[in-house]
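Observations on chain architecture
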Amino acid sequence: MTDEASETGGKSPQLTRRGVLALAGTSAIAGCSSIDSLGGGSKATVNTYNLPDISRDEERESPVPPSVPVTITSGYFDATRERVRWLLATLPTPLGPEEIPNGHIRKHLTDAASDATQGLGDARTARTGLMALRSLRRARENARYAAAGWGVVDRGLTAAPLQDEYNRTVSGARETRQEHEYVGADPVRAALVHARIEAGLERATDTDVRPREESALLSVAEWGETAEAAQVYLSDARHIRAQFTASLPPDAGSVRQPLTAAAKALLADIRDQQSTLAPEPNTDDRTPGRMVFDELRREAQSGISRLAYAIGPASAVVDANSQLARLRALDRIQTRREAEELARPSDAKTVRDIRQTAYDALTAALESSSRSALARTVLVDAGHKVMAADRKLTHHQGEIAASTLDRSVADYWYATALARSASAATQQTVQALEGD
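Summary of the structure given here. (Residues numbered from 1 in each chain as written. Predicted model: local features only at pLDDT ≥ 70, side-chain atom pairs only at ≥ 80, totals over all residues. Heavy atoms only, no water.)

Next up on the list: the pattern of salt bridges. Here the structure, examined in full by the defined rule, presents 24 salt bridges. Two residues, Glu141 and Arg137, come together in a salt bridge whose shortest N-O distance is 3.5 Å. Of this pair, Glu141 and Arg137 both sit in helix α4 (residues 129-155), 4 residues apart, which is roughly one turn of the helix. Here Glu141 falls in the buried class, since its relative accessible area comes to 12%. For Arg137, a relative accessible area of 15% puts it in the buried group. Each of Arg83, Arg140, Arg144, Glu165 and Glu228 takes part in a single network of salt bridges with overlapping partners. (Salt bridge = Lys/Arg side-chain N within 4 Å of Asp/Glu carboxyl O. Helix = DSSP H or I, 4+ residues; strand = E, 2+ residues; numbered from the N terminus. Buried < 20%, exposed > 50% of the residue type's maximum accessible area, 1.4 Å probe, protein only.)

What follows is the structure, encoded as structure tokens:
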């Protein structure tokens, strides 16, 4: 399966206008005639029938899926699926009260098995190879949880062998990390791939283990999940590394030096920009414009510490690229606030337009960037903001105060500003990697 450049989910958001007849003839706020703005006094209200028609039950996904510029082999996917099926096959079907009388414990195991099966289906429909890997990883973790829990009942399994397995995997991941060579031909592609490898090896060694004291069986189940998670992170990292290395020309050399140099240069630029951040406003308003400004400003302030302690040079470059985009997005938001362009919307049409602008910005940024794979790392985060805003819209019904939509509006503005900043940030990062 090959990661491909994705459009913004291939969907244009459906905008509906329901309940028009029910609202016809109502008076508007402050002398303006509008069927979207209702109520009395100075507080605008919005009828949610006129907001974007987003299904509450629909599984929300980021409009821009994460990806890695490496081909994951079908054989690797098949082997991972077979591992999940084998683990699930160790469970009796159905797993009922005769097998596990405790309903609470039984539900934990049956839910995990169900989630594992769902993960197999999600992997088949995943939009990128990286998303398929993630779905299969979760499927393996859940299947192992269920299988280990049943193993306590079936054959007296204890946590000790699972802990030993986990410790061996951690040792293997640390050894792999120490031996890792930063080979590559194109420094941009190398940064993206090596960042994924760094992250996978890091996760293989830092899995959080919190056994449930309430149940020895569930404690063993969690150790099974932990051991499997560490192994799958390590296996995925090794496969990505092998596939990337195989795709390189014979004369490909080390890119460690350009990655390290770029990380240092970008960190210095970010520190300079951070020193000139717009001051925090003295007023205590809670408008969506202020909300998005405050959020971006906090991220700009905290981003330096994350970069200073990056897990590797490739991750430092990719994270710096995202931080540059956020700094530019903050400048955009500040400019719009000063121009008084971020007033709280008082009607549903304006909210729909703000949402559509966010989706359009994601599409345009992905299509216009000369290095879309690097820009995508920023756009994935912007897409998550759109996804979160959409989810919040589904929580509202009937006629609501316009201020109730502030968080969604702020998230749409955040996504728009970040998407429109991705291209310039990417260009700066590419220049640093290429030594320009």
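Right, let's talk about the nonpolar core for a bit. Judged by nonpolar contacts, the single largest core of 118 residues is most densely connected at Leu259, Val317, Leu379 and Leu405. Sorting elements by how many residues they give to this core places helix α13 (residues 406-433) first, with 14 residues. Taken domain by domain, this core gets at least three of its residues from each of domain 1 (74-247) and domain 2 (256-434). If we ignore the near neighbours within four places in the chain, the residues touching Leu259 are Tyr182, Pro187, Ala191, Pro313, Ala314, Val317 and Leu433. Among the nonpolar cores identified, the runner-up in size contains 10 residues, and Ala159, Leu162, Val170 and Ala227 belong to it. (Core = buried A, V, L, I, M, F, W, Y, C linked by side-chain atoms within 4.5 Å. Domains from an automatic or database assignment. Contact = heavy atoms within 4.5 Å.)

Another aspect to go through is the side chain of Arg140. Relative to the helices and strands, Arg140 resides in helix α4. In this structure Arg140 comes out as buried when scored by relative accessible area, which is 8%. The contacts of Arg140, once residues within four sequence positions are left out, are Thr80, Arg83, Val84, Leu87, Glu228, Gln231 and Val232.

Since the α-helix packs 3.6 residues into each turn, any two residues three or four apart lie on the same face. Its 27 residues give α4 an end-to-end C-alpha distance of 37 Å, which sits within 8% of 39 Å, the value for a rise of 1.5 Å per residue. Within α4, 21 of the 27 residues are buried, leaving the element largely enclosed by the surrounding structure. Of the residues flanking the end of α4, it is Gly156, one or two places downstream, whose phi is positive at about 70°. (Expected span 1.5 Å × (residues − 1).)

As a further point, take helix α2 (residues 74-89). When the terminal C-alpha atoms of α2 are compared, their 22 Å separation across 16 residues agrees well with the 22 Å that a helix rising 1.5 Å per residue should span. Of the surrounding secondary structure, the elements contacted by the buried residues of α2 are α3 (103-124), α4 and α7 (216-246).

This part covers unusual backbone geometry. In the segment running from Thr93 into Pro94, the intervening peptide bond is cis, with an omega of -5°. Along the chain, Pro94 falls in the loop between α2 and α3. In the Ramachandran plot, Glu340 falls in the positive-phi region, its phi being about 60° despite a non-glycine side chain. Examined against the element boundaries, Glu340 turns out to sit in the loop between α10 (313-338) and α11 (348-368). Overall, Glu340 belongs to the exposed group, its relative accessible area being 71%.

It is worth spelling out the packing of α11 against helix α12 (residues 372-393) at this point. Between α11 and α12, the shortest axis-to-axis distance is 10 Å and the interhelical angle comes to 165°. Between α11 and α12, the crossing angle belongs to the class labelled roughly antiparallel. The chirality of how α11 crosses α12 is left-handed. Taking contact as the criterion, the partners of Arg355, Ala358, Tyr359, Leu362, Ala365 and Leu366 in α11 are, on α12, Ser372, Arg376, Leu379, Ala382, Gly383, Val386, Asp390 and Leu393. Across the contact of α11 with α12, the residue classes tally to 9 nonpolar, 2 polar and 3 charged. (Axes fitted to C-alpha atoms, helices over the stretch in contact; angles between N-to-C directions. Parallel < 35°, antiparallel > 145°, perpendicular 65-115°, else oblique. Left-handed = near helix turned anticlockwise from the far one by under 90°. Nonpolar A, V, L, I, M, F, W, Y, C, P; charged D, E, K, R; others polar.)

With that settled, consider the packing of α10 against α12. Two elements in contact, α10 and α12, have axes separated by 9 Å at closest approach and are oriented at 60°. Viewed along their axes, α10 and α12 adopt a mutual orientation that is oblique. Between α10 and α12 lies a crossing of right-handed hand. Contacts between α10 and α12 involve Val318, Asn321, Ser322, Ala325 and Arg326 from the former and Leu374, Thr377, Val378 and Asp381 from the latter. A per-class count over the contact of α10 with α12 returns 4 nonpolar, 3 polar and 2 charged.

Quick look at the packing of aromatic side chains now. Tallied over the entire structure, the rule returns 1 aromatic pair. Look at Tyr166 and Trp223: their rings are 6.0 Å apart centre to centre, the planes differ by 65°, and that puts the pair in the edge-to-face class. One end of the pair, Tyr166, is in helix α5 (residues 159-179); the other, Trp223, is in helix α7, and 57 residues separate them in sequence. Accessibility classification places Tyr166 together with Trp223 in one group, the buried group. Directly above the ring of Phe293 sits Arg337, whose terminal nitrogen or CZ lies 5.0 Å from the centroid. We note Lys385 situated over the ring of Tyr414; from NZ or CZ to the ring centre the distance is 4.7 Å. (Phe/Tyr/Trp six-rings, centres within 6.5 Å; stacked < 30°, edge-to-face > 60°. Lys NZ or Arg CZ within 6 Å of the ring centre and 35° of its normal.)

Right, let's get into the environment of Ala262. Tracing the chain through its elements places Ala262 in helix α8 (residues 256-274). The class for Ala262 is buried, based on a relative accessible area of 0%.

What follows deals with the environment of Ser135. With respect to the helices and strands, Ser135 occurs in helix α4. Taking C-alpha positions, Ser135 is 5.3 Å from Ala123, a pair spaced 12 residues apart along the chain. Apart from residues no more than four positions distant in its own chain, Ser135 is found in contact with Gly119, Asp122 and Ala123.

A word on the layout of surface pockets. Remark: the empty space left among the atoms is shown by a probe the size of a water molecule rolled over them. The space that makes up the largest pocket amounts to roughly 1,100 Å³. As for the largest pocket, its lining consists of 40 residues, and the residues nearest its centre are Leu130, Arg134, Arg196, Ala199 and Val318. Those elements that provide at least two residues to the lining of the largest pocket are α4, α6 (187-205), α7, α9 (288-308), α10 and α12. Looking at which element gives the most residues to the lining of the largest pocket, the answer is α12, with 7 residues. Mapped onto the domain boundaries, the lining of the largest pocket takes at least three residues apiece from domain 1 (74-247) and domain 2 (256-434). Taken as a whole, the second largest pocket encloses approximately 520 Å³ of empty space. Lining the second largest pocket are 20 residues, with Glu61, Asp122, Met131, Ser135 and Arg138 sitting closest to its centre. Mapped by element, the contributors of at least two residues to the lining of the second largest pocket are α3, α4 and α12. Partitioning the lining of the second largest pocket into residue classes produces 5 nonpolar, 7 polar and 8 charged. (1 Å grid on protein atoms, 1.4 Å probe; cavity = no way out; pocket = protein on both sides within 12 Å on 5 of 7 lines; lining within 4 Å. Points joined across faces, edges and corners; volume = space filled by probe spheres on them.)

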